[in-house]
Amino acid sequence: MDVEDYMLLFLSSWMLISALATKTVDVFLTLSLIGLLITLEVGSLFLSKEQKESLKPLVELLLVIFAIIVMKKVYEVLSG
């Protein structure tokens, strides 16, 4: 198996465990972002530039969703 295969296996198992362990979508999306960032950081030496660029929109989308989740939680704290 190549390093890319191990990275895909790790990310897939991370997502599956996250989906089974969480009850809300907010927590699942946050854990998905964490898993993807860990995978990209650890495996960045083994990925080509094209592979990194193809994952960039997914990371950006998850970061926007994470920012929305944080703003929602801050609003709940301030209004409550």
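Because the structure is predicted, anything quoted here is derived from the model rather than measured.

Chemist: Before we move on, can you summarise the overall build of the chain with the specific residues and values?
Modeler: Tallying secondary structure elements over the chain gives three helices and zero strands in all. Counting from the amino terminus, the chain carries its helices and strands in the arrangement α-α-α. Here the C-alpha atoms of the chain give a radius of gyration of 15 Å, more than 25% beyond the 12 Å that 2.2 N^0.38 yields for 80 residues. By its C-alpha atoms, the chain is 50 × 25 × 15 Å across when sized along the principal axes. Every one of the 80 residues in the chain was classed for burial, and the buried ones make up 20%.

Chemist: Give a detailed account of the UniProt feature "transmembrane region" (unreviewed entry) in the chain, specifying residues and quantitative values.
Modeler: The feature "transmembrane region" (unreviewed entry), as given by UniProt, occupies residues 31-47 and 59-75 in the numbering adopted here. In residues 31-47, the share of helix is 76% and the share of strand is 0%. The end C-alpha atoms are 22 Å apart. Secondary structure within residues 59-75 divides into 100% helix and 0% strand; the distance between the first and last C-alpha atoms comes to 24 Å.

Chemist: An account of the pattern of salt bridges is requested, with residue identities and associated values reported.
Modeler: Enumeration over the complete set of coordinates arrives at two salt bridges. The partner of K72 in a salt bridge is D26, and the shortest N-O contact between them spans 3.3 Å. Of the two residues, K72 is situated in helix α3 (residues 49-79) and D26 in helix α2 (residues 25-43); the sequence distance between them amounts to 46 residues. With a relative accessible area of 40%, K72 lands in the partly exposed category. Close ionic contact of E76 with K73 constitutes a salt bridge, the shortest N to O distance being 4.0 Å. Here K73 and E76 lie together in helix α3, a separation of three residues that amounts to about one turn. For K73, a relative accessible area of 41% gives the class partly exposed.

Cut-off values and rules
- Residues numbered from 1 in each chain as written.
- Predicted model: local features only at pLDDT ≥ 70, side-chain atom pairs only at ≥ 80, totals over all residues.
- Heavy atoms only, no water.
- Helix = DSSP H or I, 4+ residues; strand = E, 2+ residues; numbered from the N terminus.
- Rg over C-alpha atoms; globule rule 2.2 N^0.38 Å.
- Buried < 20%, exposed > 50% of the residue type's maximum accessible area, 1.4 Å probe, protein only.
- UniProt positions renumbered as here; feature names shortened; annotations may be inferred.
- Salt bridge = Lys/Arg side-chain N within 4 Å of Asp/Glu carboxyl O.

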